[in-house]
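What follows is the residue order along each chain.
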Amino acid sequence: MQTTLFPDHTMNRLQSIRQFGQRIWLDNLSRELLASGQLATLLQEDGIAGVTSNPAIFYKAISSDASYQGDLAQLKSNAALSAEQRYEALVVPDIQAACDLLLEQYRSSQGNDGYVSLEVSPALSHDEAGTLAAARRLWSEIGRPNAMIKIPATPAGIRAFQTLTAEGINVNITLLFSLPQVEAVWDAYIDGLSARHAAGKPVSGIKAVASFFLSRVDSLLDPQLPAALQGKTAIALSKVAYARYQQRFHGSEFAALKAAGAWPQFLLWASTGTKNAAYSDVLYVESLIGDETVNTVPDGTLAAFRDHGVAALTLPQDAQQAQITLLEVAEADIDLVAVGDKLQQDGLKLFEDAFAALLQLTA
């Protein structure tokens, strides 16, 4: 029997998710959100515990928020700066300000909460050396312990992630769509921490998340599936991934690192805005609430859950049924590994296009 938190209807619905060990992050950032006090209000009233950003989010912010224009004009007057340098000069202060706003959560949680993500250029997604150089530079420029550098989970990105973990840099590794992709990321995290531990360096205080994307999976597969399976694949994948997380990070494999103070690499549910109007607008929040996870939500989904979402311990439930669902999807001639690879390529293309548009703004 699931336990819900609503005998007390005065409790904020988003805040109530914390009782089950999950943290809600906001998938949005802009200067206006910071300057208006809106982000501070979300932290206080809704219990938001982190912020994620991406090129599309910053394109929308810079193109629509007039407060960027004066700074941008000044940056453009310096011909020595590239378009990418101008972009970073605009957004790094936003990341720093958000980190500062979340610093108290970071400190009071002993580094478990309070992170803000900034993505390396998507043009580097297949360039391990370039990703490493960009990640190190951004980490240094932001200069905040609760920053996270976001890197796509391509083979090159995963290799860079392992190195960065060994160096003690916080990473949000993103664009995960399949179980093999998630397992490869966990391998890299454990190997990176193991190398650091073997070198006699501390493994405590290093935070990484694995961003698993949801709604895009169902959007692609639903037209190929019978009605009984539609809208179920992403949630089934997430539940199976979470069961594997429990095995890997709370079993013998991670025990020595855990004893040395290392944290598990939490799953972060991303792309959690429902794209199919026939489904609940809080489907990808209500269905996946569980301990040691993060859900990063866009503004609309945040508002929807605040209004009518129900918090319950749902993620560990029906794990066996999730396995059955994935078998049924496979029996419908769906290759989920190939689907994951395609969705990652499609996601990279979206980020590359958004980043190119950003650079046109700052050129």
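Residues numbered from 1 in each chain as written. Predicted model: local features only at pLDDT ≥ 70, side-chain atom pairs only at ≥ 80, totals over all residues. Heavy atoms only, no water.

Participant: When you look at the overall build of the protein chain in this model, what are you seeing that I'm missing?
Facilitator: Looking only at helices and strands, one finds 16 helices and eight strands in the protein chain. For the protein chain, whose C-alpha radius of gyration is 20 Å, the value lies close to the compact-globule estimate of 21 Å for 363 residues. Across its three principal directions, the C-alpha atoms of the protein chain cover 60 × 50 × 45 Å. Here the protein chain holds 363 residues, and 55% of them are scored as buried. (Helix = DSSP H or I, 4+ residues; strand = E, 2+ residues; numbered from the N terminus. Rg over C-alpha atoms; globule rule 2.2 N^0.38 Å. Buried < 20%, exposed > 50% of the residue type's maximum accessible area, 1.4 Å probe, protein only.)

Participant: Please explain unusual backbone geometry as it appears in this structure.
Facilitator: What you tend to see is this: most non-glycine residues have negative phi, and most peptide bonds are trans. The phi dihedral of L175 is positive, around 65°, even though this residue is not glycine. Residue class for L175 comes out buried when judged on its relative accessible area of 0%. One non-glycine residue, S271, lies in positive phi territory at about 55°. With respect to the secondary-structure elements, S271 resides in the loop between strand 7 (266-270) and helix 13 (283-286).

Participant: Help me out: how do you make sense of helix 3 (residues 38-46) in this one?
Facilitator: Because an α-helix completes one turn every 3.6 residues, residues spaced three or four positions apart along the sequence face the same direction. When helix 3 is considered as a whole, its buried residues turn out to be L39, L42, L43 and D46. Along the long axis of helix 3, the arc covered by the buried residues comes to 115°, so they all point the same way. Exposed positions of helix 3 whose direction lies more than 90 degrees from the buried face are Q44 and E45. Against the buried residues of helix 3 lie helix 1 (13-16), strand 1 (22-26), helix 2 (31-35), strand 2 (50-51), helix 6 (83-108) and helix 14 (299-308). Of the residues flanking the end of helix 3, it is G47, one or two places downstream, whose phi is positive at about 75°. (Arc of directions from axis to C-beta. Contact = heavy atoms within 4.5 Å.)

Participant: How should I be thinking about the UniProt feature "active site" (unreviewed entry) in the protein chain in this particular structure?
Facilitator: With numbering matched to this structure, UniProt assigns "active site" (unreviewed entry) to K150. Tracing the chain through its elements places K150 in strand 4 (residues 147-152). (UniProt positions renumbered as here; feature names shortened; annotations may be inferred.)

Participant: I would appreciate a short explanation of the side chain of N170 in the present structure.
Facilitator: Topologically, N170 is positioned in the loop between helix 8 (155-167) and strand 5 (171-176). On the basis of relative accessibility, which here comes to 2%, the residue N170 falls in the buried class. A polar contact is formed between the side chain of N170 and the backbone nitrogen of K207, at a distance of 3.0 Å. (Polar contact = N/O pair within 3.5 Å; in protein donor to acceptor, adjacent residues only side chain to side chain.)

Participant: Is there a simple way to think about the nonpolar core in this case?
Facilitator: General note: in soluble globular proteins, nonpolar side chains tend to be found buried as a group. Counting residues in each nonpolar core, the largest one holds 118 residues, and the members touching the most others are L29, L39, L118 and L267. With ten residues, the top contributor of residues to this core is helix 6. Dropping the residues within four chain positions of it, L29 is found in contact with L34, L39, V51, I57, F58, A61, D94, I95, A98 and V116. (Core = buried A, V, L, I, M, F, W, Y, C linked by side-chain atoms within 4.5 Å.)

Participant: Help me out: how do you make sense of helix 8 in this one?
Facilitator: In a regular helix each residue adds 1.5 Å, so 13 residues correspond to 18 Å; helix 8 covers 19 Å between its end C-alpha atoms and thus fits that length. Every buried residue of helix 8 is accounted for by A156, G157, I158, A160, F161, L164, T165 and A166. If you follow the buried residues of helix 8, they end up packed against helix 7 (128-142), strand 4, strand 5, helix 9 (179-198) and strand 6 (208-213). Just past helix 8, the residue G168 takes up positive phi, approximately 85°. (Expected span 1.5 Å × (residues − 1).)

Participant: Could you clarify how one ought to interpret the environment of L39 in this entry?
Facilitator: With respect to the element layout, L39 can be found in helix 3. Residues L39 and A61 lie 22 residues apart in sequence; the distance between their C-alpha atoms is 14 Å. Discounting residues that sit within four places of it in the chain, L39 has contacts with L26, L29, L33, L34, V51, A98 and L101.

Participant: I would appreciate a short explanation of the pattern of salt bridges in the present structure.
Facilitator: Two side chains that carry opposite charge are able to pair once their charged atoms sit near each other. Summed over the entire model, instances satisfying the criterion amount to 15 salt bridges. Taking the shortest distance from any N to any O, the salt bridge between R137 and E141 comes out at 3.7 Å. Taken together, the positions of R137 and E141, both in helix 7 and four residues apart, correspond to about one turn of that helix. Judged by relative accessible area, which is 33%, R137 ranks as partly exposed. Residue D346 pairs with K342 through a salt bridge whose shortest N-O separation is 3.0 Å. Of this pair, D346 and K342 both sit in helix 16 (residues 336-362), four residues apart, which is roughly one turn of that helix. With a relative accessible area of 32%, D346 lands in the partly exposed category. According to the relative accessible area criterion, K342 is partly exposed, its value standing at 37%. A single network of salt bridges, built from pairs that share partners, joins E183, D187, R244, R248 and E253. (Salt bridge = Lys/Arg side-chain N within 4 Å of Asp/Glu carboxyl O.)

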